[in-house]
Amino acid sequence: MRSILGYPANAMDHRGDSLRIAEAELRIPRTPASIPRPWNSDDLESPSRSILSLLTIISISMMNATWTESISQILGWAYFFLWSLSFYPQVLHNHRRRSTDGFSIDFTLLNLLGLSAYTISNACFLFSPVVRAQYAQRHPQSPEPTVQWNDFVYALHGALICCWICSHFLCVRFWNFDSKLQRPSTLALVVFWGCLGMVPLAILCVLVLASWEWIDVVYVVGMIKVFLTAVKYTPQAVMNYQRQSTAGFSIVAILLDLSGAILSLMQLVLDSAMQGDWSGAVGNITKLLLGNITVLFDVIFIFQHFALYQERFAENQPGSSERDPLLDSRIEA
């Protein structure tokens, strides 16, 4: 039997039952507890609240890491510019005086070799996949080397400027300088060739000894820079003492050098702190010792210049001091 709508009679009965059940549900009074409330963070259970707090801490940490990385980059490029600028006062001082008197050729020669070694060391840590993999294996908690791009650019730039300064000694006629002839001392030449001889010796150790790896060769090259930094300042300090004067040696370069060394150490400490592993500073032992040794000798030169000798220049000789102009402005009667 079908109804007027064409559905079976029993189907209509079922539809009627469903409608009556729905109407009954609508008439059920709702208690305040059964009424859904807007979501509130207080309704979270303790595990959920802990997860939310953890995510918040992680977000803040990521934000702080971004800021610290930015500060590290600022420190790195700041010391790069200061150290890079520190080469130019001596160059300008030599050209202003048209002389290299008072500036040690041993200092220049050893500085050139040291910066060349520093360039090679930084290049290996930045570009060599073998060295980077071996570094990560030795420092699993901080697998990324703390060598930065500014370290490499600074070293390369410094090596090129040192070549320019060396030409002041070797090409006196070309620069039209009136300088006394200086030749590298025997001790400086022994140090120079001895440092160069350490590199093939380290390579031989890699080929013969199983305990040596290529990263050890890079460390040897880096230690050459550290050793030369400790040695290269000595001839200049001795020359200042023998002459009882710092005339011919630019103190502006030393002030810039000192500022750059302090910023370099600050960047190294900050990078290691970001990684949460202070072995990163030891892993970049070249930069660590380089900064400390530089600070020590710069303080010695500053003491010589401002306390011991205090610019014992002849005031009537134009161009003898860093503060004199390039051209003599005095008008003769």
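All of these numbers come straight from a predicted model, not from anything done at the bench.

1. Describing the overall build of the protein
- Secondary structure summary: the protein contains 12 helices and zero strands in total.
- Counted from the first residue to the last, the protein has its helices and strands arranged as α-α-α-α-α-α-α-α-α-α-α-α.
- Taking all 333 residues of the protein together, the buried fraction comes to 41%.
- Accessible surface, the protein: about 19,900 Å² in total, of which carbon and sulfur atoms supply 67%.

2. Focus on the packing of helix α4 (residues 105-127) against helix α5 (residues 129-138)
- The contact between α4 and α5 brings their axes to 6 Å, and the two run at 80°. Between α4 and α5, the angle is such that the two are roughly perpendicular. Within the contact between the two elements, α4 uses C124, F125, L126 and F127 and α5 uses P129, V131, R132 and Y135.

3. Examining the UniProt feature "transmembrane region" (unreviewed entry) in the protein
- Following the UniProt record, one finds the feature "transmembrane region" (unreviewed entry) at residues 74-91, 112-132, 152-175, 187-211, 217-235, 247-269 and 289-309.
- Secondary structure over residues 152-175 splits into 96% helix and 0% strand, and the C-alpha atoms at its two ends are 30 Å apart.
- Along residues 187-211, the helical share is 88% and the strand share 0%, with 33 Å between the first and last C-alpha atoms.

4. A closer look at the side chain of Q90
- Secondary-structure assignment places Q90 in helix α3 (residues 88-97).
- Classification of Q90 by relative accessible area gives buried; the value is 4%.
- Dropping the residues within four chain positions of it, Q90 is found in contact with F103, G248, F249 and S250.

5. Topic: α3
- Listed in full, the buried residues belonging to α3 are P89, Q90, V91, H93, N94 and R97.
- Of the residues trailing α3, R98 is marked for its positive phi of about 50°.

6. Side note on the pattern of salt bridges
- Per the counting criterion, the structure on display carries three salt bridges.
- The partner of R138 in a salt bridge is E213, with the nearest N and O atoms 3.2 Å apart. A residue pair is termed long-range when its members are at least 10 positions apart, and R138 in helix α5 and E213 in the loop between α8 (186-208) and α9 (214-243) qualify at 75 residues.
- Accessibility expressed as a relative area gives 25% for E213, which makes it partly exposed.
- Linking D216 and R138 is a salt bridge whose minimum nitrogen-to-oxygen distance equals 2.9 Å. With a gap of 78 residues between them, D216 in helix α9 and R138 in helix α5 connect regions that are remote in the sequence.
- Here the salt bridges do not stand alone but share partners, grouping R138, E213 and D216 into one network.

7. As for the packing of aromatic side chains
- One pass over the full model with this rule turns up 22 aromatic pairs.
- Centroid distance Y118 to Y154: 6.4 Å. Interplanar angle 70°. Geometry classified as edge-to-face. In this pair, Y118 sits in helix α4 while Y154 sits in helix α6 (residues 149-170), placing the two residues 36 residues apart along the sequence.
- For Y118, a relative accessible area of 1% corresponds to the buried category.
- With a relative accessible area of 6%, Y154 lands in the buried category.

8. Thoughts on the state of the cysteines
- With the rule as written, the count across this model stands at zero disulfides.
- Left unpaired, C171 is separated from the closest cysteine sulfur, that of C166, by 10.0 Å.
- Accessibility expressed as a relative area gives 33% for C171, which makes it partly exposed.

9. Comments concerning unusual backbone geometry
- Although it is not a glycine, R98 sits at a positive phi angle of roughly 50°.
- The exposure class assigned to R98 is partly exposed, which follows from its relative accessible area of 44%.
- Phi angles above zero are rare outside glycine, and Q244 is one such case at about 55°.
- With respect to the helices and strands, Q244 occurs in the loop between α9 and α10 (251-275).
- Its relative accessible area of 31% is what places Q244 among the partly exposed residues.

10. Comments concerning the environment of T119
- Examined against the element boundaries, T119 turns out to sit in helix α4.
- Linking T119 and L156, residues 37 residues apart in sequence, is a C-alpha distance of 5.5 Å.
- When neighbours within four sequence positions are excluded, T119 is seen to be in contact with F152, A155 and L156.

11. A look at the side chain of S179
- Inspection of the secondary structure puts S179 in the loop between α7 (172-175) and α8.
- In terms of polar contacts, S179 uses its side chain to reach the backbone amide nitrogen of T100, at 2.9 Å.
- Excluding residues that lie within four positions of it along the chain, S179 makes contacts with R98, S99, T100 and D101.

Rules used throughout
- Residues numbered from 1 in each chain as written.
- Predicted model: local features only at pLDDT ≥ 70, side-chain atom pairs only at ≥ 80, totals over all residues.
- Heavy atoms only, no water.
- Helix = DSSP H or I, 4+ residues; strand = E, 2+ residues; numbered from the N terminus.
- Buried < 20%, exposed > 50% of the residue type's maximum accessible area, 1.4 Å probe, protein only.
- Areas by Shrake-Rupley, 256 points an atom, 1.4 Å probe, with all protein chains shown as cover.
- Axes fitted to C-alpha atoms, helices over the stretch in contact; angles between N-to-C directions.
- Parallel < 35°, antiparallel > 145°, perpendicular 65-115°, else oblique.
- Contact = heavy atoms within 4.5 Å.
- UniProt positions renumbered as here; feature names shortened; annotations may be inferred.
- Salt bridge = Lys/Arg side-chain N within 4 Å of Asp/Glu carboxyl O.
- Phe/Tyr/Trp six-rings, centres within 6.5 Å; stacked < 30°, edge-to-face > 60°.
- Disulfide = S-S within 2.5 Å.
- Polar contact = N/O pair within 3.5 Å; in protein donor to acceptor, adjacent residues only side chain to side chain.

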